[in-house]
Amino acid sequence: MKYTFYIALAAFSLLLVSCKGKPEQRPEAAVLAADSIYYAGGFTLETHPGYELVTVKNPWDKSKVLHRYLLVPKSGTLPENLPAGTLLRTPLERIVVFSSVLCGMLDELGALSSLAGVTDPQYMDIPAVQAQLSLGKILDLGQEMNPDIEKLMLAEPEAIFTNPVNEAGTGSLNKLNVPVVHCVEYMETHPLGQTEWIRLIGRLFDKKEHADALFFETVRSYNELKALTATVSHRPTVFTELKSGDFWYMPGGKSYMAQLLAAAGADYILKDDPSAGSISLPFEQVLDKAENACFWLFKYYQPQDMTYAQLAEGYNNYTLFDAFKKRNIYVCNTAKIPYYRELPLHPDRILMDMIHLFHPELLPGYRPRYFSGLK
């Protein structure tokens, strides 16, 4: 019952947003429907008698389909004349996962008991997963790009969940006669588009209502926070990330990060760039655009917290930015904080941190969860 209440409340909130005309302009969100997808562009759902059809779109060629899945409850009979696609009998009870984000979704849904194996366990920062790994109840399958196939088969999974990085996708996994579920949530360009993938995952584990409730509660929270900055009179300039090798890789102007920064009431230096992914810039071009920017945000991974002295030691030209000179750099150490696991599921929490940085008067008393000032 509580999940139904949250879904109804979220639907009402979306209706209010639609009536006001801002901030999202998604008229389909005014009426909650089982098959409706509101923010994700990477998959569709269709409900048919006895099964659901999931179509995962090809993010590298939008004219193509990456894969189709037929979700048939184990409690029901197999329908006749099913369309082409990979059959998944639900709920899935034994799976292997190649992504910490997907593990995070299982954790949110209370479905970690289905987890039989993971790759790259050092990045699985969920205590329950680490405990089961230490007991050998969840198998360490090695690296995502080169998994231990023998161990994988010992896990006897009903499905393998992967994050393919191109159309070629899963290579040798396709020969194992085990369904491979392609999750490309990381290719979504809207922050809530990544979150909406939990609705697909929920259907695979008989957690549909729970997943829908989690998603619509995040939508409500995100849009309420975004509304706080809609009328701010000043939007401080901001840039992100660090130089890597000869180039500085920064989110494009249509990326999910650019949308988060805009929602937080900031003026991103690359807001007019048309790219949805990451773009590479020479240092001189970044300096030209960001030398006088008010804020600098970046993430890093190391055991000890970084300092201004270490940043300058790594590349002295960082000291040329006003954000360095005025000590206006805010960072997230992902070795200690589960930023990458939580961002797809809770962009509202990241947004709250950013609003607090740029407009602290809008969230009095708030304590940041992810970003803190460089020491």
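Residue positions are counted from 1 within each chain, in the order its sequence is given. Selection of residues for local features in this predicted model requires a pLDDT of at least 70, selection of side-chain atom pairs for listing and counting requires 80 or more, and totals for whole chains, interfaces and linings are taken over all residues. Just so you know, side-chain values use all the structure's heavy atoms and leave hydrogens and water out.

Before going further, it helps to spend a moment on the overall build of the protein. Secondary structure assignment for the protein yields 13 helices and 19 strands. Type-normalised accessible area, obtained with a 1.4 Å probe on protein chains alone, sets the label of each residue: buried when under 20%, exposed when over 50%, and partly exposed for intermediate values. Within the protein, the proportion of its 375 residues that are buried is 50%. Residue contacts follow a heavy-atom distance rule, with two residues in contact if any of their heavy atoms lie within 4.5 Å. Once local pairs closer than 6 in sequence are excluded, the contacts in the protein between residues at least 24 apart make up 57%. Put simply, DSSP H or I for four residues or longer makes a helix, DSSP E for two residues or longer makes a strand, and each gets a number counted from the N terminus.

It is worth spelling out the packing of aromatic side chains at this point. Any two aromatic rings considered together are summarised by their centre-to-centre distance and by the angle between their planes. Pairing of aromatic side chains here covers Phe, Tyr and the six-membered ring of Trp, requires ring centres within 6.5 Å, and sorts the geometry by plane angle: under 30 degrees stacked, over 60 edge-to-face, intermediate tilted. Throughout the structure, instances matching the rule amount to 26 aromatic pairs. On the basis of an interplanar angle of 70° and a centroid distance of 4.9 Å, the ring pair of Phe215 and Phe216 is categorised as edge-to-face. Taken individually, Phe215 and Phe216 each receive the classification buried, so the pair is uniform in this respect. Centroid distance Phe295 to Phe358: 5.1 Å. Interplanar angle 75°. Geometry classified as edge-to-face. One end of the pair, Phe295, is in strand β17 (residues 295-300); the other, Phe358, is in helix α13 (residues 347-358), and 63 residues separate them in sequence.

Here a strand pair is declared whenever DSSP counts at least two bridges between the two strands. Across the sheet, five strands lie side by side as β15-β12-β17-β18-β19; this open sheet has mixed pairing. Looking at strand neighbours, the two that pair on one side only are β15 (267-268) and β19 (372-373), the edges of this open sheet. With two bridges joining them, strand β18 (residues 329-333) and β19 adopt antiparallel strand pairing. Note that in β19 the partner of Tyr330 across the bridge is Gly373.

This brings us to helix α2 (residues 100-109). Among the 10 residues of α2, eight are classified as buried, and the element is accordingly described as predominantly covered. For α2, the set of buried residues is Ser100, Val101, Leu102, Cys103, Gly104, Met105, Leu106 and Leu109.

Structurally, the position occupied by Lys207 is in the loop between α6 (197-204) and α7 (208-228). It is 8.4 Å that separates the C-alpha atoms of Lys207 and Ala111, two residues lying 96 residues apart in sequence. In contact with Lys207, other than residues within four places in its own chain, are Leu109, Gly110 and Gly202.

Turning to the sheet that holds strand β4 (residues 86-90), a few remarks are in order. Strand order in this open sheet of four strands is β1-β2-β3-β4, and the pairing throughout is mixed. The open sheet has two edge strands, β1 (43-48) and β4, and neither has a second partner. The average undirected angle you get between the axes of adjacent strands in this sheet is 25°. Direction of pairing for strand β3 (residues 65-73) relative to β4: parallel, over a ladder of five bridges. Here, axes are lines fitted to C-alpha atoms. For helices the fit covers the stretch in contact, and angles between N-to-C directions go from 0 to 180 degrees.

This next bit is on the confidence of the model for the protein. The predictor attaches a confidence to each residue, called pLDDT, with possible values from 0 through 100. Averaged over the protein, the pLDDT score is 90; the fraction of residues at 70 or greater is 90%. Scored below 50 in pLDDT, residues 1-32 makes 41 contacts in the model with residues more than four places away or belonging to other chains.

Their axes nearest at 10 Å, the elements α2 and α6 cross at an angle of 65°. Relative to α6, the crossing made by α2 is right-handed. When α2 is examined against α6, the residues Leu102, Met105, Leu106, Glu108 and Leu109 are found in contact with a partner set consisting of Trp197, Ile198, Ile201 and Gly202. Classifying every residue of the contact of α2 with α6 by side-chain character gives seven nonpolar, one polar and one charged. For any pair of crossing helices, the crossing counts as left-handed if the nearer helix is rotated counterclockwise from the farther one by less than a right angle, and right-handed if it is rotated clockwise. In the scheme used here, Gly and all other residues not listed as nonpolar or charged are polar, with Ala, Val, Leu, Ile, Met, Phe, Trp, Tyr, Cys and Pro taken as nonpolar and Asp, Glu, Lys and Arg as charged.

Salt bridges are identified by distance alone: a Lys or Arg side-chain nitrogen within 4 Å of an Asp or Glu carboxyl oxygen. Counted by the stated rule, this structure contains 16 salt bridges. A salt bridge links Glu93 to Lys74, with the nearest nitrogen and oxygen atoms 2.6 Å apart. Note that Glu93 is positioned in the loop between β4 and β5 (95-97) and Lys74 in the loop between β3 and β4, a separation of 19 residues in sequence. Residue classification places Lys74 among the partly exposed positions, given a relative accessible area of 31%. The partner of Arg199 in a salt bridge is Glu196, and the shortest N-O contact between them spans 2.8 Å. According to the relative accessible area criterion, Glu196 is buried, its value standing at 0%. If you follow the salt bridges from partner to partner, you end up with Glu52, Glu196, Arg199, Arg203, Lys208 and Asp212 in one network.

Within the patch definition used here, like charges are joined within 9 Å and nonpolar side chains (Val, Leu, Ile, Met, Phe, Trp, Tyr) within 5 Å, considering only residues with over 30% relative accessible area and no salt bridge. Each accessible area value is a Shrake-Rupley result obtained with a 1.4 Å probe; residue values ignore everything except the protein chains displayed when judging cover. Taken together, the side chains of Met145, Val165, Tyr186 and Met187 define a hydrophobic patch exposed on the protein surface, amounting to about 400 Å² of accessible area. Looking at the element boundaries, Met187 is found in the loop between β11 (180-182) and α5 (191-195).

A few words on the environment of Lys336. When you line up the elements, Lys336 lands in the loop between β18 and α12 (339-342). Along the chain, Lys336 and Tyr370 lie 34 residues apart, while their C-alpha atoms are 9.6 Å from each other. When residues no more than four places from it in sequence are discounted, the contact partners of Lys336 are Pro303 and Asp305.

Turning our attention to unusual backbone geometry. The omega torsion of the bond from Thr90 to Pro91 falls at 5°, within 30 degrees of zero and hence cis. Locating Pro91 in the fold gives a position in the loop between β4 and β5. The backbone phi angle of Asn177 is positive, close to 60°, even though this residue is not glycine. Within the fold, Asn177 resides in the loop between β10 (159-162) and β11. You will see that Arg327, though not glycine, has its phi angle at about 55°, which is positive.

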